[in-house]
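Topology and contacts: notes
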Amino acid sequence: MSLLHLAVLSPLLLAILIPFLHKYFKSIHTGWFLLPLPAVLFAYFLQFISTTGHGGTVMETVPWISSLGIDFTLKVDGLGLLFALLITGIGALVVLYSIYYLNPDKEKLNTFYVYLLLFMGAMLGVVLSDNLIVLYTFWELTSFSSFLLIGYWNDRERSRYGAQKSMLITVFGGLSMLAGILMLYIITGTFSISETIEMSNEVVNHPLFTATLILFLLGAFTKSAQFPFHIWLPDAMEAPTPVSAYLHSATMVKAGIYLVARMTPVFAHSGTWVWLVAGVGVITLFWGSFSAVKQTDLKAILAFSTVSQLGMIMSLLGAGAAALHYGTIEDGYYIVAVTAAVFHLINHATFKGSLFMVTGIIDHETGTRDIRKLGGLMNFMPITFTLAIIGTFSMAGIPPFNGFLSKEMFFTGMLRIAEMDIFNMDTWGILFPIIAWTASVFTFLYSMMYVFKTFMGKYQPEKLETKPHEAPIGMLISPVILASLVIIFGIFPNVLSHSIISPAMGSILPSLLENGEGFDVHISHWHGPTAELFMTIGVITIGILLYKFMPKWAGIYSKFPSRMSFNRFYDRGLELVELTSKNITRSYMTGFIRTYLVYIFTFFILALASTLIFKNAFKLDMSDVAPIRFFEVVLVLIMAISAITILFAKSRLTSIILLGAVGYTVALFFVLFRAPDLALTQLVIETVSVSLFLLAFYHLPQIRRNEERIRFRATNALISIGVGAIVTMIALSAHSNKIFGSISEYYVENTYKKAGGENMVNVILVDFRGFDTMFEITVLGIAALGIFAMIKLRLTRGKELDENK
Amino acid sequence: MKTNDIILQTVTKFTLFVIILFSIHLFFAGHYYPGGGFIGGLMTSGAIVLLLLAFDIKTVKMILPVDYLKVVAVGLLFAIGTGAGALFFDKPFLTHAYTYAYLPLLGKTSLHTAVLFDTGVFLVVIGVTMTIIQTIGESE
């Protein structure tokens, strides 16, 4: 257990304490207890820069399931560190903001912060683990915790809908990824990411390659809300605004980006990867920005904007991956794409985070987020307005903000894709810069809409719930910090070049570097009169024109049939799945335990009989069978007679007692065969279960023999005889087929030596196979809970019925 | 259906303690002779069931005001806690330890962490059987 492991797990550990802190320090906002953690973690992770800045990595392992190649290995390299800093840095700001945003009297703060901490820990685990299975575990934990956070206001129907939707889509992706991980394991024989990267040549040439690649991408695309899986992100905006700022702009949605970046060295030698990642990215970019323009809710605009920006980063990673495909850095343009991807990742976190917080402030102070109701807020909220200007202008790609820089580099990357020769790119590739440029126009458009429709224009006080005023200082700190970063990164773009961006790129494109070498990153404002500059000028001009004449052309949005939308497909699909499964279930779930036993035993007979026959497994070897003694014959007769008498018993009491007799006879057998432990257990069990039967006697339905028709009884007889025959056959052949020596010798030898006990049965139960016992008693506990709940619930329902009378 | 079964009730009052003492003996004997948490627990629940049969459920609840679901929970905690305890000594989950000690009155006695685990089993078994029996019995 190293400090690094502790750092990753610390949010989860703190989460355990939160309910207590919340309970015993009621007067203090729970968020204050949380705030130090991400701040300290941020400081802790900053130390790693000195290592990763020179291309070094830190690796710590805790053995977990070593025999299966699954160890809790954490690795800090440039890429992981970048994300860890984002998670903790933005995390600290979000927690600070949430302290002022969430009212401790109205909200269940303890649950909120527990979920948030779960999420933070999970996210750190995702970006720092070097083992794919560990990564997957944390990955799904982010899905769960975001499900809880989106559904935080679970009394609202939209929240529940949004939470379910995000869960279904991201977990679907997660499971695909798990399949991909297993396939990758089949190919490489290791779960370690570092080792997998070294074997990338074998991976590419393996027949499973394309399937693995697609499964991994499904995981990444669903998480990062790529087209057409983007539909969950806008609905996830039902979460409280700090959550949106954190999960849906800065961290979780970027887990998909992270995965693509992380797996780039493994998969990118193939053209398929470049083509898929860049293609899906650019489509998402366009669709997100196009859809954002028609939104009227500020948060919805930002949600679609996030979708589109994630698409942009994705397409950049795809374009940059071409560098690995060609295996060269001579042609620096692909490197520019990767630089832009990493740089924009940071930029997006800063400006989108601050914009979400601004939206939260507007919502908090005016009571609405609808741009049709807002307007003219500039005079009331000058600071918020300034922050919004900085954020949106950066988002729109206007100089001198940092968004402009990454957008320029983005155009460079897209222009270069057009020239690639992967997958006939020379003909289709020209679409990339065109789509990218169009999308940028829409990006410009919605950015302007966001800021000007909210803060300029006519002030409509009659439509607002409260009189707007400037936000309290506490709510402004976080967005002010983020907005200052926007400006700093904009004016001094190379602040992070060597410490953060270059090492992160080194992790994405490791094979292009010699040992100890780093990418030479230099971001500059002025490139001369290049194509990119003219594209930006075009974006701004056309954007302004479109904004001016918006009412004239906005009609095209209503032309688009809403019946064809992906949301509609999702809803219909969900309904269909529910309906079908209900119908299927209804067809075999009769509610009679008898029917279920028929299914179980039929399956039992079929499965075992076919195995016995096809595997030729039945064998009879009577050579070492002990002679049958007189007592045994008598006991068998007693057992058989009681069992048969049960069938003909007229009253239930008789059947119960006869069943008890069978059980006690079995106990006698154990006595005969010198197994006192088993005999004792059997006796006590029999006693308790007979008395349980007697207790439940009055609740059991009357025996109605006539309801069963002859045919049905014949089936019953057939099944019981079949089960009996199969069990006998298995017992006989198990005795005759001794492939391995009996394990009992081991226990005889070691029971005293290793466990210090003389009773072998007990030692096996509590020591050698203690794990089994632990789960068995857990199952028992669950069964007790189930019975308790079933009966108590029935009772309360009965009471309600009485009241209704 | 309540009948005043004086003989059964009187006998129960005495035998109850005998059965419970026997079950405790079974529980502790477990590691060396037939017995253990599972059987001990069942035997104890058998004693309580006998009490239930002799008296009615309300009386028994008054005598033993125990929430058996909590007994299950405590038992599970015992079992898992014993398992997790090994982790603090850098041993795999559920590694047991034992030693011999000279205790007053008992003389040379073996001390096992397995007993703690078995206590968990013991409690869970009592809790589960009694939860089931009590809930079904109460619903009459």
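Predicted, not measured: the structure shown is a model, and the values here were computed from it.

Counting 212 residues, the largest nonpolar core has Phe45(A), Tyr113(A), Phe267(A) and Trp273(A) as its most contacted members. For Trp273(A), the contacting residues outside a window of four places in its chain are Leu213(A), Leu217(A), Val260(A), Met263(A), Thr264(A), Phe267(A), Ala268(A), Ala278(A) and Ala321(A). Val688(A), Ala79(B), Val124(B) and Ile136(B) belong to the second largest nonpolar core, which has 43 residues in total.

Turning next to the UniProt feature "transmembrane region" (unreviewed entry) in chain B. All names here are of chain B. As recorded in UniProt, the sites labelled "transmembrane region" (unreviewed entry) are residues 12-32, 38-56, 68-89 and 109-133. Strand forms 0% of residues 12-32 and helix 86%; the C-alpha atoms that close the span are 30 Å apart. Helix makes up 80% of residues 109-133 and strand 16%, with an end-to-end C-alpha separation of 37 Å.

Take the interface of chain A and chain B next. With 42 residues of chain A in contact, the opposing surface of chain B contributes 44 residues. Of the roughly 3,700 Å² buried between chain A and chain B, counting both surfaces, carbon and sulfur atoms make up 76%. For the chain A face of the interface with chain B, the top three residues by lost area are Leu695(A), Val766(A) and Ile777(A), together amounting to 16%. Linking chain A with chain B are zero salt bridges. Viewed at the interface, chain B and chain A are joined by 10 residue pairs in polar contact (both at pLDDT 80 or more). Within the residue set of the side of chain A that touches chain B, elements represented by two or more residues are helix H31 (676-695), helix H33 (744-755), helix H34 (760-768) and helix H35 (770-804) of chain A. Classifying every residue of the side of chain A that touches chain B gives 24 nonpolar, 11 polar and seven charged.

Residues and elements named next belong to chain A. Mapped onto the fold, Arg 262 is located in helix H14 (residues 253-267). For Arg 262, a relative accessible area of 6% puts it in the buried group. Residues in contact with Arg 262, not counting those within four places in the same chain, are Asp 77, Leu 79, Gly 80, Val 127, Ile 193, Ile 197 and Ser 507.

Moving on to the confidence of the model for chain B. Residues and elements named next belong to chain B. Of all residues in chain B, 96% attain a pLDDT of 70 or more, and the chain-wide mean is 85. Across chain B, element-level confidence peaks in helix H1 (residues 6-29) with a mean pLDDT of 90 and bottoms out in strand E2 (residues 107-112) with 79. Here the predicted complex carries an ipTM of 0.90, next to a pTM of 0.76.

All names here are of chain A. Taken as a whole and judged by the stated rule, the model has 39 aromatic pairs over all chains. Geometrically, the ring pair formed by Phe 25 and Phe 33 is tilted, given 5.5 Å between the ring centres and 55 degrees between the ring planes. Between Phe 227 and Trp 287 the ring centres are 6.0 Å apart and the planes differ by 65 degrees, which places this aromatic pair in the edge-to-face class. Here Phe 227, found in the loop between helix H11 (209-223) and helix H12 (232-235), pairs with Trp 287, found in helix H15 (residues 271-293); they are 60 residues apart in sequence, far enough to count as distant.

Let us look at the packing of helix H21 (residues 431-455) of chain A against helix H24 (residues 531-548) of chain A. All names here are of chain A. The interhelical angle for the contact between H21 and H24, taken along N-to-C directions, is 50 degrees, at an axis separation of 9 Å. With respect to H24, the element H21 is oriented oblique. Regarding H21 and H24, the two cross each other, and that crossing is right-handed. In this structure, H21 uses Pro 433, Trp 437, Ser 440, Val 441, Phe 444, Leu 445, Met 448, Met 449, Phe 452 and Lys 453 to contact H24, whose residues at the interface are Met 535, Gly 538, Val 539, Ile 540, Ile 542, Gly 543, Ile 544, Leu 546 and Tyr 547. Taken together, the residues that form the contact of H21 with H24 break down as 15 nonpolar, three polar and one charged.

Where H34(A) meets helix H5 (residues 114-138) of chain B, the axes come as close as 10 Å, and the angle between the chain directions of the two elements is 90 degrees. Judged by the inter-axis angle, H34(A) sits roughly perpendicular to H5(B). Packed against H34(A), whose contacting residues are Asn762(A), Leu765(A) and Val766(A), the element H5(B) presents Ala114(B), Phe117(B) and Asp118(B) at the interface. Its residues placed into classes, the contact of H34(A) with H5(B) shows four nonpolar, one polar and one charged.

Procedures and definitions
- Residues numbered from 1 in each chain as written.
- Chains lettered and ligands numbered in written order.
- Predicted model: local features only at pLDDT ≥ 70, side-chain atom pairs only at ≥ 80, totals over all residues.
- Heavy atoms only, no water.
- Core = buried A, V, L, I, M, F, W, Y, C linked by side-chain atoms within 4.5 Å.
- Buried < 20%, exposed > 50% of the residue type's maximum accessible area, 1.4 Å probe, protein only.
- Contact = heavy atoms within 4.5 Å.
- UniProt positions renumbered as here; feature names shortened; annotations may be inferred.
- Helix = DSSP H or I, 4+ residues; strand = E, 2+ residues; numbered from the N terminus.
- Buried area = accessible area lost by both parts, 1.4 Å probe.
- Salt bridge = Lys/Arg side-chain N within 4 Å of Asp/Glu carboxyl O.
- Polar contact = N/O pair within 3.5 Å; in protein donor to acceptor, adjacent residues only side chain to side chain.
- Nonpolar A, V, L, I, M, F, W, Y, C, P; charged D, E, K, R; others polar.
- pLDDT = per-residue confidence, 0-100.
- Phe/Tyr/Trp six-rings, centres within 6.5 Å; stacked < 30°, edge-to-face > 60°.
- Axes fitted to C-alpha atoms, helices over the stretch in contact; angles between N-to-C directions.
- Parallel < 35°, antiparallel > 145°, perpendicular 65-115°, else oblique.
- Left-handed = near helix turned anticlockwise from the far one by under 90°.

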